[in-house]
Amino acid sequence: MQLLEPKFKEFHLCFCGYAECDPLHSYGPATRPNYIIHYILDGKGIYQVGERKYILTKGQGFLIEPETLTFYQADREEPWSYLWVGFGGSGAAKLVQDIGLNSRQTTFQCDYGEELKKIVFSMLKHTESSTSNLYYLQGKLYDFFSVLTRDIVIDSYEDENKESMYVQKAIAYIRNHYSEGITVLDIAEHLNVNRSYLYTIFKNSLELSPKEFLTKFRLSRAKEQLTLTDVSVENIAYSCGYRSPLVFTKAFKQEIGMTPSRYRSTNRTETKAHLVASKEELDEIGEKGKKFIHNQRNDLALKQTK
């Protein structure tokens, strides 16, 4: 669910959702324009922000800050299910600090998962952009934060990676210039380091080579466009830094396991299936007799927030 025109400028709900992930389902590396809090209801997975990687399980959660590069992936054996709330506004940063989270403290533990789940599922039942619903959702957003501030436990981690400054600068350069067809050599020259050193610090910090990271970043952007737009595959290839649609298609198929066109059609079909599968649980938690609102706009919004 996504609100297209927020009514409250200082602090407002942007979107929310719930998913039961397949094994190794992942998102990123990518950046998001809003704050997002994920809370894990079951299973486990990996959350990575910059060079920091966390293994998180049921009862834990993580914060995604605006324009910060992140990656998260469900476990192979015990894939997680989670809910998420995206929010923004001029006062959002202050409220995030109120619950003890910031750029260095992005993970937490909370023992009130069922309450958080009821709040989010209640939000999902009020998807129309009416004045009444907007006020209702605003109240539920504050309820969500109220539960999080109740005995929340913040996990503290120290940055032990001496090369983190180079890695962060490399990631920022990729984020700002990936569409320009940059190469690993361009990244190394920007940092004024040799390619061997760049390879070493990426493998130490991210367990990926610079080339692998650059490819994953580009393809994550491509996946977003394939899911959310009807832009041609050719134009998506160029916008993601590929000089040839054929090279893009080959890289996409090698990484994702299917062509871009197939991914576009399959992903939209699977998202609709997830919504249908979630409906029964939503109805049990909601008021009896009410039907879960389901339409094409919600399909598209749910894809954007995963």
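Residues numbered from 1 in each chain as written. Predicted model: local features only at pLDDT ≥ 70, side-chain atom pairs only at ≥ 80, totals over all residues. Heavy atoms only, no water.

A. Broad picture of the side chain of His126. Mapped onto the secondary structure, His126 falls in the loop between α2 (113–124) and α3 (131–148). A residue is classified by how much of its surface remains accessible, and His126, at 18% relative accessible area, is buried. Here Ser122 takes part through its backbone oxygen, which lies 3.0 Å from a polar atom of the side chain of His126. (Helix = DSSP H or I, 4+ residues; strand = E, 2+ residues; numbered from the N terminus. Buried < 20%, exposed > 50% of the residue type's maximum accessible area, 1.4 Å probe, protein only. Polar contact = N/O pair within 3.5 Å; in protein donor to acceptor, adjacent residues only side chain to side chain.)

B. Region of the structure containing the environment of Leu116. When you line up the elements, Leu116 lands in helix α2. Its relative accessible area of 0% is what places Leu116 among the buried residues. In this structure, the C-alpha to C-alpha distance between Leu116 and Leu41, residues 75 residues apart in sequence, is 9.5 Å. The residues contacting Leu116, other than those within four sequence positions of it, are Tyr39, Leu83, Cys110, Phe144, Val147 and Leu148. (Contact = heavy atoms within 4.5 Å.)

C. Examining the packing of helix α7 (residues 210–228) against helix α9 (residues 245–256) more closely. For the pair α7 and α9, interaxial distance at closest approach is 11 Å and the crossing angle is 95°. Classified by the angle their axes make, α7 and α9 are roughly perpendicular. In contact with Lys216, Leu219, Ala222, Lys223 and Leu226 of α7, α9 contributes Phe248, Ala251, Phe252, Glu255 and Ile256. A class-by-class count of the residues in the contact of α7 with α9 yields seven nonpolar, no polar and three charged. (Axes fitted to C-alpha atoms, helices over the stretch in contact; angles between N-to-C directions. Parallel < 35°, antiparallel > 145°, perpendicular 65-115°, else oblique. Nonpolar A, V, L, I, M, F, W, Y, C, P; charged D, E, K, R; others polar.)

D. Quick look at the nonpolar core. In terms of nonpolar packing, the biggest core is built from 30 residues, with Ile37, Phe87 and Phe144 touching the most fellow members. When contributions to this core are tallied by element, the ones reaching two or more residues are β1 (12–20), β3 (35–42), β8 (81–88), α1 (92–98), α2 and α3. When residues no more than four places from it in sequence are discounted, the contact partners of Phe87 are Phe11, His12, Leu13, Cys14, Asn34, Tyr35, Ile37, Ala92, Val96, Leu141 and Phe145. Counting residues in hydrophobic clusters, the runner-up holds 21 residues, among them Val167, Tyr173, Leu198 and Phe213. (Core = buried A, V, L, I, M, F, W, Y, C linked by side-chain atoms within 4.5 Å.)

E. Highlighting helix α6 (residues 195–206). Taking 1.5 Å as the rise per residue, α6 with 12 residues should run 16 Å; its terminal C-alpha atoms sit 16 Å apart, in good agreement. On its buried face, α6 is in contact with β4 (44–49), β5 (52–57), α4 (164–177), α5 (184–191) and α7. Glu207 lies just past α6 and shows a positive phi near 60°. (Expected span 1.5 Å × (residues − 1).)

F. Region of the structure containing unusual backbone geometry. Look at the link from Gly28 to Pro29: it is a cis peptide, with omega at 5°. Looking at the element boundaries, Pro29 is found in strand β2 (residues 26–30).

G. Structural view of the sheet that holds β5. Overall, antiparallel pairing links the four strands, which are arranged β2-β7-β4-β5 in an open sheet. Taken across any chain shown, the strands that pair with only one partner, and hence form the sheet edges, are β2 and β5. Neighbouring strand axes in the sheet, compared pairwise and without regard to direction, differ in orientation by 15° on average. Here β4 pairs with β5 via six bridges, running antiparallel. Opposite Ile46, over in β5, you have Ile55 as the bridge partner. (Pairing = 2+ DSSP bridges.)

H. Local environment of the environment of Tyr263. Considering the arrangement of structural elements, one finds Tyr263 in helix α10 (residues 260–285). Separated by 11 residues in sequence, Tyr263 and Phe252 have C-alpha atoms that sit 9.5 Å apart. Not counting residues within four places of it along the chain, the set of residues in contact with Tyr263 comprises Lys223, Leu226, Thr227, Phe252, Ile256 and Met258.

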